[in-house]
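# Remarks on the overall topology
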Amino acid sequence: MRQQRSYSTRAIVLKRINLGEADRIVTLLTPTHGKIQAVAKGVRRPTSKLAGHLELLCHSQLQLAVGRDLDIVTQAENRECFLDLKASQWHMTCGFYLAELVDRFLEEHTQHSRVYFLMLEMLRALDGDAALSQQKEAVDGTRDPLHTVSQLLLRYFEIHLLSQVGYEPAFRACAHCAAELRPEQNGFSAALGGAICPRCSRFWSRPLSVKALHVLRVLQRSEWQAVPRWHLDASLLLEIERVMYDLLRFHLERDLKTWSFLEMLRLERNPHGSALPSTQNL
Ligand SMILES: [Zn+2]
């Protein structure tokens, strides 16, 4: 039973829904209270002092009053707005995708401090990648049509989020017989939760290449900063993406809204799926 009348917390804004004439319900990810919903009163009025501090993906310091149903945001102060991320439609959509994933996978009022810190790290990395991409394009006109860094970042987040909520994907040992996987053509099954060895090939829902398994393993066991900045070709990025989408769809039992939007942006930038040359062997 909660007895305190108000509390302060840092929070990342995951979602906002309009309520009545001028209010909003905000879904927040906090370090100690997990995912919570709160009411921001009058936030849609031009004079609101809360408005700029409760934008989507903002990381803010909040004061909340305990309400009968939902808590009420009484003060908000922005700590990080991720302006570079928000200046790039692709990076902003990646951020929205992370927020949608967290919202779908986390129950309310269950502490998930590692997910909070993971989300924060990923937003900072996306912001940094957006700034770097803009600089490169402005200085020498170079651009990565595949968005390799941010695509790997999405896969990294998916793998680690699944682990945090109890669905750690099996990429080291066969998800069926538990034999250690070897660098050979393996397979994959979302229903069994990961990679499947050739001896259990009757359970494969798709083959899994040596390179894709290697990338997935490195993403799973590494800190984000230690993940090599590979140049991967489009087909390998797509293979890894399909594996993760299958896993997410299996656990969520439906698609995510942001998927189709990310797909549209990616095709817009790279309509022929042209491959970048590999500069680092896997
Ligand atoms: Zn097996």
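Residues numbered from 1 in each chain as written. Predicted model: local features only at pLDDT ≥ 70, side-chain atom pairs only at ≥ 80, totals over all residues. Heavy atoms only, no water.

## Focus on the sheet that holds strand E8 (residues 206–208)
Strand-to-strand pairing in sheets goes through backbone hydrogen bonds, with the strands running parallel or antiparallel. What the three strands build is an open sheet, ordered E7-E6-E8; its pairing is antiparallel. Each of the sheet's edge strands pairs with one partner strand only, and the pair in question is strand E7 (194–196) and E8. Ignoring which end each strand starts from, the neighbouring axes of this sheet average 45 degrees apart. Relative to E7, strand E6 (residues 186–189) runs antiparallel, the two being bridged by three bridges. (Pairing = 2+ DSSP bridges. Helix = DSSP H or I, 4+ residues; strand = E, 2+ residues; numbered from the N terminus. Axes fitted to C-alpha atoms, helices over the stretch in contact; angles between N-to-C directions.)

## Focus on the pairing of strand E3 (residues 34–40)
Among the seven residues of E3, six are classified as buried, and the element is accordingly described as predominantly covered. Taken together, the seven bridges between strand E2 (residues 23–30) and E3 define a ladder with antiparallel strand orientation. Across the sheet, Ile-25 pairs through a bridge with Val-39, a residue of E3. The loop that links E2 with its antiparallel partner E3 comprises three residues. (Buried < 20%, exposed > 50% of the residue type's maximum accessible area, 1.4 Å probe, protein only.)

## Side note on empty space enclosed by the protein
One way to see where empty space is left: roll a probe the size of a water molecule over the atoms. All told, the structure shown has one cavity of 30 Å³ or more when counted by the stated rule. In this structure, the largest cavity occupies an estimated 50 Å³ of space. Considering the residues around the largest cavity, the lining is formed by Trp-90, Gln-151, Leu-154, Arg-155, Glu-241, Tyr-245, Leu-262, Glu-263 and Arg-266. Put simply, the parts of the chain that give the lining of the largest cavity at least two residues each are helix H4 (148–164), helix H6 (234–252) and helix H7 (257–269). Its residues placed into classes, the lining of the largest cavity shows four nonpolar, one polar and four charged. (1 Å grid on protein atoms, 1.4 Å probe; cavity = no way out; pocket = protein on both sides within 12 Å on 5 of 7 lines; lining within 4 Å. Points joined across faces, edges and corners; volume = space filled by probe spheres on them. Nonpolar A, V, L, I, M, F, W, Y, C, P; charged D, E, K, R; others polar.)

## Let's talk about the coordination of the zinc ion
Donor atoms from the polypeptide that bind the zinc ion are Cys-174 (SG), Cys-177 (SG), Cys-197 (SG) and Cys-200 (SG), placed at 2.3 to 2.4 Å. One can describe the donor arrangement at the zinc ion as tetrahedral, given that its four donor atoms subtend angles of 105 to 115 degrees at the metal. Taken in sequence order, the residues that donate to the zinc ion follow the motif C-x2-C-x19-C-x2-C. Within this pair, whereas Cys-177 is found in the loop between H4 and E6, its partner Cys-197 is found in the loop between E7 and E8, the two being separated by 20 residues in sequence. (Donors = N, O, S within 2.8 Å, 3.2 Å for Na, K, Ca; no water. Tetrahedral: all angles 85-135°; square planar, octahedral: opposite > 155°, others 65-115°.)

## What to know about the layout of surface pockets
Taken as a whole, the largest pocket spans an internal volume of roughly 740 Å³. Lining the largest pocket are 28 residues, and of these Asp-129, Ser-133, Asp-144, His-147 and Arg-269 sit closest to its centre. Secondary-structure elements contributing two or more residues to the lining of the largest pocket are helix H2 (89–105), helix H3 (113–140), H4 and H7. If one sorts the elements of the lining of the largest pocket by residue count, H3 sits on top with eight residues. Residue composition of the lining of the largest pocket, by class: ten nonpolar, ten polar and eight charged. In this model, the second largest pocket occupies a volume close to 300 Å³. Together, Leu-14, Lys-15, Arg-16, Leu-56, Phe-96, Ala-99, Glu-100, Asp-103, Arg-104, Lys-257 and Thr-258 line the second largest pocket. Every element with two or more residues in the lining of the second largest pocket is listed here: strand E1 (6–19), H2 and H7. Residue contributions to the lining of the second largest pocket peak at five residues, all from H2.

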